[in-house]
Each structure stands twice: as C-alpha cells, then as structure tokens.
Amino acid sequence: MPRQEYQESLSNLRDDVLYMSEVVAERLRLGLDALEQKNAATAKEVVDGDDEVNQMYLDLEGQCVDLIALQQPVASDLRFIAASFKIITDLERIGDLAVNLAQYAMDADRDVFPEVDVQQIGVETLEMLESAMAAYADEDPEACYEVAGRDDDLDAMCEAASSIVVRDLIEQDPFGDGSEDAEAYLQDISRLLLTVRDLERVGDHAVNIAARTLYMIEDDAELLY
C-alpha cells in the first residue's frame, strides 16, 4: 500500500471510530429519553438499533486487523490502531448498556424514588463519553485526565442514589405484606438500581476510552491501571 493510501486508511479509521461514537451517544441519549418519558417506541428504536452498532464494531475490528497484519505499523501508528480497537470495544459495550436502559423503560410499571435523578446521572455519563471522544479526536492529553477525574464525581452520584433507595427500603419495609403490588414495586426498584449501575458502567467505559487515548498520544499507561 502506497504511503499516501496508508495515511488515508488511518484517517478513515479515526473518522469511522468517531462516527461510531456519535451513533452510540445518540443511542444512549434515546435510552435516557425512553426512561424519562416511558416511551415504548423510543425504547424499541434503541433495541432495534443494536445490530447496527454491532456491525460497526465488526467492520472497524476488520479495519484494525488489516492495518496491523498488512502494514505492520510501528510506534505511534501502532498505538493509534491498538487504541482505536480498544475504544470501539468500549463503545460497543456502551451500546449494550443503552439497550439495557431501553428495556428497563419498556418494563417499568411506575416511577419510584423521584428524588433519584437518573437523568442527571445520565447527562454526566454522556458528557464524559463525549469529552473522551473529543480527546481522541483532538489528541488532547489534558482532556483525558479531566475525564478520569470526573469519574469520582459520577461514582459519588451513583452511590448517593443507591443509598437513598436502600435506606428507604430499610425504613419503610414495603414488602411486609407479600402482596403482588409489593412484588411489582420490588421489580421497579430493582430496575432503578440496575439503571444506576449501568450508567456508572458507561462512565467506566468513558474513562477506559480516555485512558487508551492518553496511551495513544503519549505512550503513557498511567490511566490504564
């Protein structure tokens, strides 16, 4: 492959990874909308769109493998390709978590614990994802550290949300009568806790993206461990 064509292939890989991130971010945004609005149509759109995200992942994986196997890149190019491969893996998993949110939206019977602001947590995770991908696009090491630093705040938000639920369950004991209504309520609470957990995982994947980006830019593995 001539040098110019090789450089174009690297550029195309970057563009395609960024496009995948935009699709995944939109799926996550729609999943949060479906939760907030209890909108089954929006939720179904997210679930049905998962095949598209999976296909993007497979196509980009093929691009990465071909570039490594056929071009034998060295140094910075090799780090870029390897980081891109790891990043699309995190993006695919975020897509799966967006599907989880959509499924919770379809199954939820009622709003429970309105004081738990799932949307606020969701906005934080979206911003972390978008910031991590901007760091990748701009090759900005400082932005990588900023994303990693925000993870502590996200973890605190998620812990506080879970604590509200657990504390109230202990104090109120809404399941003492063993009724069907109590069982349905328990299922809704379980979905709420799973929602918080999945959003926290989205944040973890955003940090992974920032860590791989930092390694790509500066050959610095500090955020990987």
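Described in the following lines is the structure provided in the data block.

Conventions used here
Residues numbered from 1 in each chain as written. Predicted model: local features only at pLDDT ≥ 70, side-chain atom pairs only at ≥ 80, totals over all residues. Heavy atoms only, no water. Phe/Tyr/Trp six-rings, centres within 6.5 Å; stacked < 30°, edge-to-face > 60°. Helix = DSSP H or I, 4+ residues; strand = E, 2+ residues; numbered from the N terminus. Buried < 20%, exposed > 50% of the residue type's maximum accessible area, 1.4 Å probe, protein only. Lys NZ or Arg CZ within 6 Å of the ring centre and 35° of its normal. 1 Å grid on protein atoms, 1.4 Å probe; cavity = no way out; pocket = protein on both sides within 12 Å on 5 of 7 lines; lining within 4 Å. Points joined across faces, edges and corners; volume = space filled by probe spheres on them. Nonpolar A, V, L, I, M, F, W, Y, C, P; charged D, E, K, R; others polar. Core = buried A, V, L, I, M, F, W, Y, C linked by side-chain atoms within 4.5 Å. Patch = residues over 30% accessible without salt bridge, like charges linked within 9 Å, V, L, I, M, F, W, Y side chains within 5 Å. Areas by Shrake-Rupley, 256 points an atom, 1.4 Å probe, with all protein chains shown as cover. Salt bridge = Lys/Arg side-chain N within 4 Å of Asp/Glu carboxyl O. Lys, Arg positive; Asp, Glu negative; His and termini not counted. Charge placed at Lys NZ, Arg CZ, Asp CG, Glu CD.

**Describing the packing of aromatic side chains**
Taken as a whole, this structure holds one aromatic pair when the rule is applied. Aromatic side chains Phe 80 and Tyr 136 sit 6.2 Å apart centroid to centroid with 20° between the ring planes, which places their arrangement in the stacked category. Here Tyr 136 lies in helix H5 (residues 118-138) and Phe 80 lies in helix H4 (residues 75-107), a separation of 56 residues in the sequence. Tyr 136 matches Phe 80 in its accessibility class, with the two residues each being buried. The positively charged end of Arg 14 is found above the aromatic ring belonging to Tyr 136, 5.6 Å away from the centroid.

**Comments concerning unusual backbone geometry**
A positive phi angle, close to 50°, is found at Lys 38, a residue other than glycine. If you trace the backbone, Lys 38 turns up in the loop between helix H1 (3-37) and helix H2 (40-48). Given the relative accessible area of 35%, Lys 38 is considered partly exposed. Its identity as a non-glycine residue notwithstanding, Asp 219 has a phi of 55°, on the positive side.

**Observations concerning the layout of surface pockets**
Reported here for the largest pocket is a volume of approximately 360 Å³. Considering the residues around the largest pocket, the lining is formed by 18 residues, among which Lys 38, Asp 111, Val 112, Val 118 and Leu 192 are closest to the centre. Looking at the lining of the largest pocket, the elements that each hand over two or more residues are H1, H5 and helix H7 (180-218). Of all the elements, H7 adds the most residues to the lining of the largest pocket, at four residues. Residues of the lining of the largest pocket, tallied by class, amount to nine nonpolar, two polar and seven charged.

**Focus on the nonpolar core**
Membership of the largest hydrophobic core comes to 69 residues, with the highest contact counts inside it found for Val 17, Met 20, Leu 91 and Met 133. Counting residues per element, the ones that place at least two in this core are H1, H2, helix H3 (50-71), H4, H5, helix H6 (141-172) and H7.

**Things to note about the environment of Glu 124**
Structurally, Glu 124 can be placed in helix H5. Sequence spacing of Glu 124 and Leu 199 is 75 residues, and the spatial spacing of their C-alpha atoms is 9.1 Å.

**Some thoughts on a negative patch on the surface**
On the surface, Asp 138, Asp 140, Glu 142, Glu 146 and Glu 218 cluster together into a negatively charged patch. Tracing the backbone shows Glu 218 in helix H7. Among the residues examined, Glu 218 registers a relative accessible area of 42% and is labelled partly exposed.

Everything listed is a geometric property; what it means functionally is a separate question.
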